[in-house]
Amino acid sequence: MMLPVIERELQRSISDIFDEFDPQPVAAASFGQAYLATLQSAKTNGQSANGAPQRVVVKVQRPNLQAIVSTDLRSLKTIAGWLKFYKPIRRRANLDALVKEFSEVVFEELDYLQEAQNAEAFNKNFAQDTGVRVPKVYHEFTTRRVIVLKNVEDIKVTDFEGLESAGVSRAEVANKLFDTYLQQVFVHGFFHADPHPGNLFVQPLDPAL
(Lines give C-alpha, C1' and ligand atoms only; values in the text may rest on other atoms or scores of the structure.)
Protein backbone atom coordinates (compact mmCIF):
# COMPACT_ATOMS: atom_id res chain seq x y z
CA MET A 1 0.00 0.00 0.00
CA MET A 2 1.44 3.34 -1.15
CA LEU A 3 -0.93 5.68 0.70
CA PRO A 4 1.43 6.14 3.68
CA VAL A 5 4.16 7.16 1.22
CA ILE A 6 1.88 9.83 -0.26
CA GLU A 7 0.94 11.16 3.17
CA ARG A 8 4.56 11.23 4.29
CA GLU A 9 5.67 13.09 1.16
CA LEU A 10 2.84 15.65 1.23
CA GLN A 11 2.89 15.88 5.06
CA ARG A 12 -0.90 15.66 5.19
CA SER A 13 -3.48 12.94 5.39
CA ILE A 14 -5.18 11.66 2.25
CA SER A 15 -8.56 12.90 3.52
CA ASP A 16 -7.15 16.40 4.05
CA ILE A 17 -6.27 16.73 0.35
CA PHE A 18 -8.73 14.57 -1.55
CA ASP A 19 -12.52 14.25 -1.41
CA GLU A 20 -12.18 10.85 -3.04
CA PHE A 21 -9.21 8.55 -3.36
CA ASP A 22 -9.37 5.09 -4.94
CA PRO A 23 -6.92 2.91 -2.97
CA GLN A 24 -6.57 0.51 -5.88
CA PRO A 25 -3.88 1.65 -8.33
CA VAL A 26 -5.13 2.31 -11.85
CA ALA A 27 -1.65 1.62 -13.24
CA ALA A 28 1.65 0.25 -12.00
CA ALA A 29 5.17 0.21 -13.38
CA SER A 30 8.67 -0.61 -12.18
CA PHE A 31 9.20 2.88 -10.73
CA GLY A 32 5.82 3.58 -9.19
CA GLN A 33 2.03 3.41 -9.15
CA ALA A 34 -0.81 5.72 -10.20
CA TYR A 35 -4.09 6.34 -8.37
CA LEU A 36 -7.31 8.13 -9.29
CA ALA A 37 -8.56 10.81 -6.92
CA THR A 38 -10.65 13.98 -6.63
CA LEU A 39 -9.14 17.13 -5.15
CA GLN A 40 -10.90 18.94 -2.34
CA SER A 41 -12.26 21.96 -4.23
CA ALA A 42 -12.84 24.07 -1.12
CA LYS A 43 -9.21 23.89 -0.03
CA THR A 44 -7.33 23.57 -3.30
CA ASN A 45 -9.39 25.40 -5.89
CA GLY A 46 -9.70 21.97 -7.44
CA GLN A 47 -12.76 22.58 -9.59
CA SER A 48 -12.62 22.35 -13.35
CA ALA A 49 -13.80 25.10 -15.66
CA ASN A 50 -17.40 23.79 -15.64
CA GLY A 51 -17.53 23.70 -11.84
CA ALA A 52 -17.21 19.92 -11.54
CA PRO A 53 -14.80 18.42 -8.98
CA GLN A 54 -11.31 18.11 -10.39
CA ARG A 55 -10.33 14.54 -11.10
CA VAL A 56 -6.61 13.90 -10.82
CA VAL A 57 -4.01 11.19 -11.16
CA VAL A 58 -1.61 10.73 -8.25
CA LYS A 59 1.70 9.14 -9.16
CA VAL A 60 3.83 7.85 -6.31
CA GLN A 61 7.30 6.36 -6.42
CA ARG A 62 8.01 2.99 -4.83
CA PRO A 63 9.86 3.10 -1.48
CA ASN A 64 13.66 2.77 -1.44
CA LEU A 65 13.82 3.06 -5.22
CA GLN A 66 16.81 5.41 -5.18
CA ALA A 67 18.90 2.86 -3.27
CA ILE A 68 17.77 -0.01 -5.51
CA VAL A 69 18.58 1.91 -8.70
CA SER A 70 21.95 3.00 -7.30
CA THR A 71 22.85 -0.65 -6.65
CA ASP A 72 21.78 -1.67 -10.15
CA LEU A 73 23.81 1.14 -11.71
CA ARG A 74 26.92 0.14 -9.76
CA SER A 75 26.48 -3.37 -11.15
CA LEU A 76 26.11 -1.95 -14.64
CA LYS A 77 29.31 0.06 -14.21
CA THR A 78 31.15 -3.11 -13.15
CA ILE A 79 29.87 -5.00 -16.19
CA ALA A 80 30.92 -2.14 -18.46
CA GLY A 81 34.40 -2.35 -16.94
CA TRP A 82 34.61 -6.02 -17.89
CA LEU A 83 33.34 -5.37 -21.41
CA LYS A 84 36.11 -2.83 -21.99
CA PHE A 85 38.57 -5.72 -22.06
CA TYR A 86 36.84 -6.95 -25.25
CA LYS A 87 38.60 -4.99 -27.97
CA PRO A 88 35.80 -4.93 -30.63
CA ILE A 89 33.44 -3.27 -28.13
CA ARG A 90 36.13 -0.95 -26.74
CA ARG A 91 36.91 0.33 -30.26
CA ARG A 92 33.29 1.09 -31.11
CA ALA A 93 31.77 2.45 -27.92
CA ASN A 94 32.72 4.69 -25.03
CA LEU A 95 31.19 2.52 -22.32
CA ASP A 96 32.04 4.90 -19.49
CA ALA A 97 30.21 7.74 -21.24
CA LEU A 98 27.22 5.53 -22.01
CA VAL A 99 26.89 4.38 -18.41
CA LYS A 100 27.26 7.97 -17.16
CA GLU A 101 24.55 9.29 -19.50
CA PHE A 102 22.22 6.38 -18.75
CA SER A 103 22.66 6.93 -15.00
CA GLU A 104 21.89 10.64 -15.27
CA VAL A 105 18.72 10.01 -17.30
CA VAL A 106 17.49 7.32 -14.90
CA PHE A 107 17.90 9.58 -11.87
CA GLU A 108 16.05 12.37 -13.70
CA GLU A 109 13.14 9.96 -14.18
CA LEU A 110 13.12 9.35 -10.44
CA ASP A 111 12.64 13.06 -9.76
CA TYR A 112 8.99 14.04 -10.16
CA LEU A 113 9.90 17.70 -9.69
CA GLN A 114 11.87 17.35 -12.90
CA GLU A 115 8.88 15.64 -14.53
CA ALA A 116 6.72 18.59 -13.50
CA GLN A 117 9.17 21.02 -15.09
CA ASN A 118 9.21 18.92 -18.26
CA ALA A 119 5.42 18.97 -18.43
CA GLU A 120 5.41 22.76 -18.07
CA ALA A 121 8.05 23.11 -20.81
CA PHE A 122 6.10 20.80 -23.13
CA ASN A 123 2.91 22.75 -22.48
CA LYS A 124 4.70 26.02 -23.27
CA ASN A 125 6.04 24.62 -26.53
CA PHE A 126 2.51 23.71 -27.69
CA ALA A 127 0.65 26.61 -26.08
CA GLN A 128 -0.57 27.83 -29.48
CA ASP A 129 -1.64 24.39 -30.69
CA THR A 130 -5.20 23.64 -29.57
CA GLY A 131 -4.82 20.08 -30.84
CA VAL A 132 -2.28 19.18 -28.14
CA ARG A 133 -3.16 19.12 -24.45
CA VAL A 134 -0.80 18.54 -21.55
CA PRO A 135 -2.08 17.56 -18.08
CA LYS A 136 -1.98 20.38 -15.55
CA VAL A 137 0.52 19.83 -12.74
CA TYR A 138 -0.62 20.62 -9.21
CA HIS A 139 2.70 21.89 -7.89
CA GLU A 140 1.43 22.33 -4.34
CA PHE A 141 1.03 18.54 -4.19
CA THR A 142 4.20 17.57 -6.03
CA THR A 143 7.50 16.43 -4.53
CA ARG A 144 10.44 14.41 -5.77
CA ARG A 145 8.46 11.21 -5.16
CA VAL A 146 4.82 12.26 -5.67
CA ILE A 147 3.20 14.16 -8.52
CA VAL A 148 -0.46 15.11 -8.93
CA LEU A 149 -1.75 15.72 -12.45
CA LYS A 150 -5.10 16.60 -13.94
CA ASN A 151 -6.81 13.44 -15.16
CA VAL A 152 -7.08 13.77 -18.95
CA GLU A 153 -7.80 10.11 -19.58
CA ASP A 154 -10.03 9.62 -22.60
CA ILE A 155 -9.89 7.29 -25.61
CA LYS A 156 -6.59 5.43 -25.85
CA VAL A 157 -4.76 6.10 -29.07
CA THR A 158 -4.83 2.34 -29.80
CA ASP A 159 -8.56 1.95 -29.10
CA PHE A 160 -9.60 1.82 -32.75
CA GLU A 161 -13.21 0.85 -32.05
CA GLY A 162 -13.53 3.65 -29.49
CA LEU A 163 -12.15 6.21 -31.93
CA GLU A 164 -14.50 5.11 -34.71
CA SER A 165 -17.50 5.07 -32.34
CA ALA A 166 -16.67 8.67 -31.37
CA GLY A 167 -16.46 9.67 -35.02
CA VAL A 168 -12.72 10.31 -34.83
CA SER A 169 -10.65 9.69 -37.95
CA ARG A 170 -7.78 7.31 -37.18
CA ALA A 171 -5.87 8.76 -40.13
CA GLU A 172 -6.18 12.27 -38.71
CA VAL A 173 -4.99 11.06 -35.31
CA ALA A 174 -1.97 9.36 -36.91
CA ASN A 175 -1.11 12.45 -38.94
CA LYS A 176 -1.44 14.73 -35.91
CA LEU A 177 0.77 12.46 -33.84
CA PHE A 178 3.36 12.29 -36.62
CA ASP A 179 3.37 16.06 -37.15
CA THR A 180 3.59 16.67 -33.41
CA TYR A 181 6.65 14.45 -33.08
CA LEU A 182 8.36 16.09 -36.02
CA GLN A 183 7.86 19.43 -34.28
CA GLN A 184 9.14 18.07 -30.97
CA VAL A 185 12.30 16.62 -32.50
CA PHE A 186 13.21 19.11 -35.21
CA VAL A 187 11.80 22.39 -33.87
CA HIS A 188 11.84 22.18 -30.08
CA GLY A 189 14.60 19.63 -29.54
CA PHE A 190 12.50 18.45 -26.61
CA PHE A 191 10.31 15.38 -27.03
CA HIS A 192 8.06 12.93 -25.22
CA ALA A 193 10.20 9.79 -24.91
CA ASP A 194 7.56 7.38 -23.57
CA PRO A 195 4.68 7.43 -26.08
CA HIS A 196 2.95 4.18 -25.09
CA PRO A 197 -0.88 3.91 -25.22
CA GLY A 198 -1.19 4.59 -21.49
CA ASN A 199 0.31 8.05 -22.04
CA LEU A 200 -1.52 9.10 -25.20
CA PHE A 201 -5.26 9.81 -25.30
CA VAL A 202 -7.61 11.30 -27.86
CA GLN A 203 -10.30 13.75 -26.76
CA PRO A 204 -13.11 14.07 -29.34
CA LEU A 205 -13.99 17.66 -30.16
CA ASP A 206 -17.36 19.07 -29.25
CA PRO A 207 -19.43 18.93 -32.49
CA ALA A 208 -20.88 22.36 -31.63
CA LEU A 209 -17.43 23.98 -31.77
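Residues numbered from 1 in each chain as written. Predicted model: local features only at pLDDT ≥ 70, side-chain atom pairs only at ≥ 80, totals over all residues. Heavy atoms only, no water.

Enquirer: Just to check I follow, could you spell out the side chain of Thr38 for this structure?
Expert: Here Thr38 lies in strand E3 (residues 32–39). Its relative accessible area of 4% is what places Thr38 among the buried residues. Within the structure, Thr38 has its side chain in polar contact with the side chain of Arg55 (distance 2.4 Å). For Thr38, the residues in contact, after removing those within four places along its chain, are Phe18, Asp19, Glu20, Pro53, Gln54, Arg55 and Val56. (Helix = DSSP H or I, 4+ residues; strand = E, 2+ residues; numbered from the N terminus. Buried < 20%, exposed > 50% of the residue type's maximum accessible area, 1.4 Å probe, protein only. Polar contact = N/O pair within 3.5 Å; in protein donor to acceptor, adjacent residues only side chain to side chain. Contact = heavy atoms within 4.5 Å.)

Enquirer: Honestly, unusual backbone geometry in this entry has me stumped. Any pointers?
Expert: The residue Gln11 is not glycine, and still its phi comes out positive at about 60°. Relative to the helices and strands, Gln11 resides in the loop between helix H1 (3–10) and helix H2 (14–17). Given a relative accessible area of 72%, Gln11 falls into the exposed group. Positive phi outside glycine occurs at Asn64, with the angle close to 60°. Tracing the backbone shows Asn64 in the loop between strand E4 (55–61) and helix H4 (65–83). Note on Asn64: relative accessible area 61%, which makes it exposed.

Enquirer: So what exactly am I meant to see when it comes to the pattern of salt bridges here?
Expert: A side chain with one charge can pair with a side chain of the opposite charge if their charged atoms come near. On inspection of all chains with the given rule, the structure shows eight salt bridges. Among the salt bridges present, the one from Lys84 reaches Asp96, with a minimum N-O distance of 3.0 Å. With Lys84 in the loop between H4 and helix H5 (87–92) and Asp96 in helix H6 (residues 95–109), the pair connects residues that are twelve residues apart, well separated along the chain. (Salt bridge = Lys/Arg side-chain N within 4 Å of Asp/Glu carboxyl O.)

Enquirer: I tried to follow the environment of Phe160 on my own but got confused; where do I start?
Expert: Mapped onto the secondary structure, Phe160 falls in helix H8 (residues 160–165). Residue class for Phe160 comes out partly exposed when judged on its relative accessible area of 41%. For Phe160 and Arg8, which are 152 residues apart along the polypeptide, the C-alpha to C-alpha distance reads 41 Å.

Enquirer: Explain the packing of aromatic side chains here, please?
Expert: Here a ring pair, both rings aromatic, is described through the centre-centre distance and the interplanar angle of the planes. Here the structure, examined in full by the defined rule, presents three aromatic pairs. Taken together, the ring pairs in this structure connect Phe18, Phe21 and Tyr35 into an aromatic cluster. For the cation-ring pair, Arg170 lies above Phe160, with the distance from its terminal atom to the ring centre recorded as 4.0 Å. (Phe/Tyr/Trp six-rings, centres within 6.5 Å; stacked < 30°, edge-to-face > 60°. Lys NZ or Arg CZ within 6 Å of the ring centre and 35° of its normal.)

Enquirer: So what exactly am I meant to see when it comes to the nonpolar core here?
Expert: Side chains of nonpolar character tend, in soluble globular proteins, to be buried together. The biggest cluster of nonpolar side chains holds 19 residues, and the ones touching the most others in it are Ile6, Phe18, Phe21, Tyr35, Val56 and Val58. Taken together, the elements giving at least two residues each to this core come down to H1, H2, strand E1 (18–21), E3, E4 and strand E5 (146–150). Considering every element that reaches this core, the biggest residue donor is H1, with four residues. Setting aside residues no more than four positions away along its own chain, Val56 makes contact with Phe18, Tyr35, Leu36, Ala37, Thr38, Leu39, Tyr138, Val148, Leu149, Lys150 and Asn151. (Core = buried A, V, L, I, M, F, W, Y, C linked by side-chain atoms within 4.5 Å.)

Enquirer: Looking at this model, I keep getting lost on a positive patch on the surface. Mind explaining?
Expert: Residues Lys87, Arg90, Arg91 and Arg92 make up a contiguous surface patch of positive charge. Turning to its location among the elements, Arg92 is positioned in helix H5. Judged by relative accessible area, which is 65%, Arg92 ranks as exposed. (Patch = residues over 30% accessible without salt bridge, like charges linked within 9 Å, V, L, I, M, F, W, Y side chains within 5 Å. Areas by Shrake-Rupley, 256 points an atom, 1.4 Å probe, with all protein chains shown as cover. Lys, Arg positive; Asp, Glu negative; His and termini not counted. Charge placed at Lys NZ, Arg CZ, Asp CG, Glu CD.)

Enquirer: Hey, could you run me through the packing of H4 against H6 in this one?
Expert: Packed helices, taken two at a time, are described by their axes: the angle between them and the distance between them. Closest axis-to-axis distance for the H4/H6 pair is 10 Å, and the angle between their directions is 170°. Classified by the interaxial angle, the pair formed by H4 and H6 is roughly antiparallel. Listed contacts from H6 to Gln66, Val69, Ser70, Leu73, Leu76, Lys77, Ala80 and Leu83 of H4 are Leu95, Val99, Phe102, Ser103, Val106 and Phe107. Of the residues assigned to the contact of H4 with H6, the class counts are ten nonpolar, three polar and one charged. (Axes fitted to C-alpha atoms, helices over the stretch in contact; angles between N-to-C directions. Parallel < 35°, antiparallel > 145°, perpendicular 65-115°, else oblique. Nonpolar A, V, L, I, M, F, W, Y, C, P; charged D, E, K, R; others polar.)

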